[in-house]
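The lines below spell out each chain.
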Amino acid sequence: MTGRPLIGISTYLETGARWGVWELEAALLPAGYPRLVQRSGGLAVMLPPDAPERAAAVVARLDGLVIAGGPDVEPSRYGALPDPRTGPPARTRDTWELALIGAALTADVPLLGICRGMQLLNVALGGTLIQHLDGHAEAVGVFGGHRVEPVPGTRYAEAVPEETTVPTYHHQAVDRLGAGLVASAYAADGTIEAVELPTAHWVLGVQWHPEMDDDPRLMRSLVHAATARSPQHAEP
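Predicted model only: the values in this text are computed from it and were never measured. (Residues numbered from 1 in each chain as written. Predicted model: local features only at pLDDT ≥ 70, side-chain atom pairs only at ≥ 80, totals over all residues. Heavy atoms only, no water.)

(A) Representation of the overall build of the protein within the structure. Counting its regular elements, the protein contains six helices and 13 strands. For the protein, whose C-alpha radius of gyration is 17 Å, the value lies close to the compact-globule estimate of 18 Å for 236 residues. With respect to the three principal axes, the spread of C-alpha positions in the protein is 55 × 50 × 30 Å. Across the 236 residues that make up the protein, the buried fraction comes to 52%. Each charge class in the protein was averaged separately, 17 positive and 27 negative side chains, and the resulting centres sit 5 Å apart. (Helix = DSSP H or I, 4+ residues; strand = E, 2+ residues; numbered from the N terminus. Rg over C-alpha atoms; globule rule 2.2 N^0.38 Å. Buried < 20%, exposed > 50% of the residue type's maximum accessible area, 1.4 Å probe, protein only. Lys, Arg positive; Asp, Glu negative; His and termini not counted. Charge placed at Lys NZ, Arg CZ, Asp CG, Glu CD.)

The structure is reproduced here in structure tokens:
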């Protein structure tokens, strides 16, 4: 046994990715995600989009799951018409990641949703999204930063008890909370910045990008929960 839990991370499926002499369709992931898992004590594995009926079998082999950031969730998923500022749909990814989230919730596998991942978690539980807000993305392709305040008594506050500045890049946010979810951090403008499911072993979503930060405490909390759920990974 390695003593390190296996943490799956959902990936992008992009056409026209370029490396070396190649320009091909590729399953890819910003390196910050696996690096954060690795330095937080986990083993990182990438999960490219697959048939949704295979999600339960994939999740069964994991100790923890990260749903990565990415494009806007298709508004029809939460019963809304698209705002003109909402990005084009990523239907294959929506379907796969919703299946992963459902499988993780059913199996009570620790789950962290990051940016889009938090929004998709909310949608999976019947919540809705604000399709556009200003002030949470400074410029196209540039991460900004703002303060977030934890809600005392929440799982997020247990991991990060103080107000912090976080790297942020989003123009959508949680509107109506999904069933069972509670808000566990807010921005100064009242935007919900973190949500969690108190009835689960460990389910949390954050609106910002911890993989772009130097603070590993949130990911360490996920890795600790994954280890506690799977004691065979405990250090001898």
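(B) Representation of the nonpolar core in the model. In this structure, Leu 65, Leu 100, Leu 111 and Leu 121 are the most contacted members of the largest nonpolar core, which totals 31 residues. Examining the composition of this core, we find that seven residues originate from one element, helix 3 (residues 91–107), more than from any other. Each residue touching Leu 121, except ones within four places of it in the same chain, is listed here: Ile 101, Leu 111, Leu 181, Val 195, Val 203, Leu 204 and Gly 205. Residues Val 66, Cys 115, Ala 185 and Trp 208 belong to the second largest nonpolar core, which totals 28 residues. (Core = buried A, V, L, I, M, F, W, Y, C linked by side-chain atoms within 4.5 Å. Contact = heavy atoms within 4.5 Å.)

(C) Examining helix 4 (residues 116–124) more closely. The buried count for helix 4 comes to eight of nine residues, which makes it a mostly enclosed element. Along helix 4, the residues classified as buried are Arg 116, Gly 117, Met 118, Gln 119, Leu 120, Leu 121, Asn 122 and Val 123. Count one or two residues on from helix 4 and you reach Gly 126, which has phi positive near 90°.

(D) Here's a closer look at the layout of surface pockets. The calculated volume of the largest pocket comes to roughly 350 Å³. Around the largest pocket, the lining is made up of 21 residues, and of these Gly 70, Cys 115, Tyr 169, His 170 and His 171 lie nearest the centre. Counted by class, the lining of the largest pocket contains eleven nonpolar, six polar and four charged residues. (1 Å grid on protein atoms, 1.4 Å probe; cavity = no way out; pocket = protein on both sides within 12 Å on 5 of 7 lines; lining within 4 Å. Points joined across faces, edges and corners; volume = space filled by probe spheres on them. Nonpolar A, V, L, I, M, F, W, Y, C, P; charged D, E, K, R; others polar.)

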